[in-house]
Amino acid sequence: MESTMKGIRGDNAPCVLDLDDAATVGGGVGDTYGEDCATEEQLVTPWTVSVASGYNLLRDPRYNKGLAFNERERETHYLRGLLPPAIVSQELQERKIMHNIRQYQLPLQKYMAMMDLQEGNERLFYKLLIDNVEELLPVVYTPTVGEACQKYGSIFSRPQGLYISLKEKGKILEVLKNWPERSIQVIVVTDGERILGLGDLGCQGMGIPVGKLALYTALGGVRPSACLPITLDVGTNNEALPNDEFYIGLRQKRATAQEYADFLHEFMTAVKQNYGEKVLIQFEDFANHNAFELLAKYGTTHLVFNDDIQGTASVVLSGLVAALKLVGGSLSEHSYLFLGVGEAGTGIAELIALEISRQTKAPIEECRKKIWLVDSKGLIVSSRKETLQHFKKPWAHEHEPVGNLLDAVKTIKPTVLIGTSGKGQTFTQEVVEAISSFNERPVIFALSNPTSQSECTAEQAYTWSKGRAVFASGSPFDPVEYDGKIYVPGQANNAYIFPGFGLGVVMSGAIRVHDDMLLAASEALAQQVTQENFDKGLTYPPFSNIRKISAHIAANVAAKAYELGLASRRPRPKDLVKYAESCMYSPLYRNYR
């Protein structure tokens, strides 16, 4: 991927390893609020300077415990009479909230209930999410977050992050200073142009950064106070939004060209000036034409990560490495066909080629020839090269033109079929039957989100392949029974990678992201798949172990950062897994004196 970005930047452009790692302010794992020591008693309560009453304390989500405040705390912090006399444990509160959430019939109702809880009692929100991750992940993230973004104007109640619009051009640094936290370690930013498979949602894309950062804390242990969701509102080309009376963003066409570039550059400069060199900036759901350019432009000057390009690539590569245990062979012995040539597709393809190159010592140009991509005009071939966008050109191989996916499958005869098209039901019965006709165990990854945009369902993949497919999807599917056997589909969810990856970057004080760090994350995830998982046909471990998985990913990423000379936190901890676990935020209530 670094080679692709270097191609966009120019042949003489530097690599991230060419850079000086001069220390600057920001980054690290400094724990301003003692959030990592959740069960310790605090000598001086942090709100005593600014909070004059217990009434305000109950409305501060970071410190509110509701009915879990004990008798001494109620007396000391002016809470007498503001709460009913009952004192309950956090565990009982958790059971009550889960009971209430399960009463809702609609996923969006559950989403709104979770967001209300986050705004009222932060620790209980994260306790709930951590303890019930498999049940609640689809609620706070994909697929429900897609519907939440579509209706964000209608359900918006209070700000959960920063909105920086074109109105603030020239004043972005001042806007950043309006955010109350100063020790920011991870920023997730979107401009809302390509939300999941739903298109341009403008300012309503804020649901994505909010959801991603909730997972950074719950799954990766990055402290909530160190996370900042940001939406850059540069307008929208979705004609329905400006005509919606509840729309919360600018009612104008999207800024483009130099106006857009200048706005983004001011933002990136202001972030580094305000938060330092070591704040991780995660680009999320930018359109293809901007995503690659931004990653290429700022990859050598800022600590940046594009989850759609790099995170997706890392999690899919991990799934493929694990799938080899089921189908046999090495990465270099398989052939790959992609439907979809956007950020996700080309990012995955490049990381696969990079890993094949690393394993075989062959030039990456040769490794790319094992990978074929199909876009809306058919197979990417060399005769189309002059009309292709820059990020597609490395995949234009010598071959006669092929007009559609089915013909491409029959011609290329891939062993692995990967969908990143954003278009549902494109892996038709004919396509699945075709790839199954020349593969004993075809690998089929239908990765597009949300569920309605998945290239095929788990049931279709297993049924049409007669139970032989090794299947994974981007959105969750229920287990499938076929011919008397239960098949459990894997979920190639970025949430496996980015929380642990971010923790590894933060705890090592990394100053840049390198492709080898992505490979390290993939390897760590693949190593967590057990024989029991393989026996069920799974290529990913269960989410119930996600914090342990994230700690191992963080350790692997940090180790690679130290090896590459990109880590600034010295000395290097002896046991990186234990150090990662020690850095993780705990949602347990603390006792206040």
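Conventions we followed
- Residues numbered from 1 in each chain as written.
- Predicted model: local features only at pLDDT ≥ 70, side-chain atom pairs only at ≥ 80, totals over all residues.
- Heavy atoms only, no water.
- UniProt positions renumbered as here; feature names shortened; annotations may be inferred.
- pLDDT = per-residue confidence, 0-100.
- Helix = DSSP H or I, 4+ residues; strand = E, 2+ residues; numbered from the N terminus.
- Contact = heavy atoms within 4.5 Å.
- Pairing = 2+ DSSP bridges.
- Axes fitted to C-alpha atoms, helices over the stretch in contact; angles between N-to-C directions.
- Salt bridge = Lys/Arg side-chain N within 4 Å of Asp/Glu carboxyl O.
- Buried < 20%, exposed > 50% of the residue type's maximum accessible area, 1.4 Å probe, protein only.
- 1 Å grid on protein atoms, 1.4 Å probe; cavity = no way out; pocket = protein on both sides within 12 Å on 5 of 7 lines; lining within 4 Å.
- Domains from an automatic or database assignment.
- Polar contact = N/O pair within 3.5 Å; in protein donor to acceptor, adjacent residues only side chain to side chain.

The name an unreviewed UniProt entry assigns to the chain is Malic enzyme, from the organism Oryza sativa subsp. japonica. Quoted verbatim from the Pathway (unreviewed entry) field of UniProt, the annotation for the chain is "Photosynthesis; C4 acid pathway."

(A) Local environment of the confidence of the model for the chain. With 91% of its residues at a pLDDT of 70 or more, the chain has an overall mean of 90. No element of the chain has a lower mean pLDDT than helix 1 (residues 2-9), which averages 59, and none a higher one than strand 2 (residues 186-190), which averages 98. pLDDT under 50 marks residues 20-28. Its contacts with residues more than four places away, or in other chains, come to 20 contacts.

(B) Seen up close, the sheet that holds strand 9 (residues 416-419). The strand order across the open sheet formed by 7 strands is 8-7-6-9-10-11-14, and the pairing between neighbours is mixed. Bordering the open sheet on either side are strand 8 (378-379) and strand 14 (490-491), each of which pairs with just one other strand. Contacting strand 6 (336-339), strand 7 (371-375) and strand 9, helix 15 (residues 343-360) runs over the sheet at an angle of about 165° to strand 6. Of the strands in this sheet, strand 6, strand 7, strand 8 and strand 9 are in contact with helix 17 (residues 405-412), which crosses strand 6 at around 175°.

(C) A look at the pattern of salt bridges. Scanning the entire structure with this criterion turns up 24 salt bridges. In this structure, the salt-bridge partner of Asp131 is Lys127, at a minimum N-O distance of 2.7 Å. A residue pair is termed a helical-turn pair when its members lie 3 or 4 positions apart in one helix, as Asp131 and Lys127 do in helix 6 (residues 122-131) at 4 residues. For Lys127, a relative accessible area of 10% corresponds to the buried category. A single salt-bridge network, built from bridges that share partners, covers Arg194, Asp285, Asp308 and Glu343.

(D) Highlighting the UniProt feature "binding site: (S)-malate" (unreviewed entry) in the chain. Sequence positions flagged by UniProt for "binding site: (S)-malate" (unreviewed entry) are, in local numbering, Arg194, Asn449 and Asn493. Taking the annotated residues in turn, Arg194, Asn449 and Asn493 line the largest pocket. Among the secondary structure elements, Arg194 is positioned in the loop between strand 2 and helix 11 (207-220). Take Arg194: its relative accessible area is 25%, and that puts it in the partly exposed class. Under the relative-accessibility criterion, Asn493 is labelled buried at 2%. In this view, Asn493 contacts Leu137, Tyr141, Thr142, Val315, Gly474 and Phe543; residues no more than four positions away in its chain are not counted.

(E) Region of interest: the pairing of strand 6. By the alternation rule, side chains of strand 6 split into Tyr336 and Phe338 and Leu337 and Leu339, which are all buried. For strand 6 and strand 7, the ladder comprises 4 bridges, and the chain directions are parallel. Note on strand 7: the bridge partner recorded for Phe338 is Leu373. In terms of strand pairing, strand 6 meets strand 9 through 4 bridges, oriented parallel. Each residue of the ladder has a partner; that of Phe338, found in strand 9, is Ile418.

(F) Just the domain arrangement of the chain, in detail. Taken domain by domain, the chain consists of domain 1 (59-140), domain 2 (143-306), domain 3 (311-492) and domain 4 (496-583). Using C-alpha coordinates to define each centre, domain 1 is positioned 28 Å away from domain 2. Counting residues at the interface gives 19 residues for domain 1 and 22 residues for domain 2. Where domain 1 meets domain 2, there are 1 salt bridge. Taken together, the links from domain 1 to domain 2 amount to 2 residue pairs in polar contact (both at pLDDT 80 or more). Mapped by element, the contributors of at least two residues to the side of domain 1 that touches domain 2 are helix 5 (107-120), helix 6 and helix 7 (133-140). Here the side of domain 1 that touches domain 2 takes 8 residues from helix 5, the largest share from any one element.

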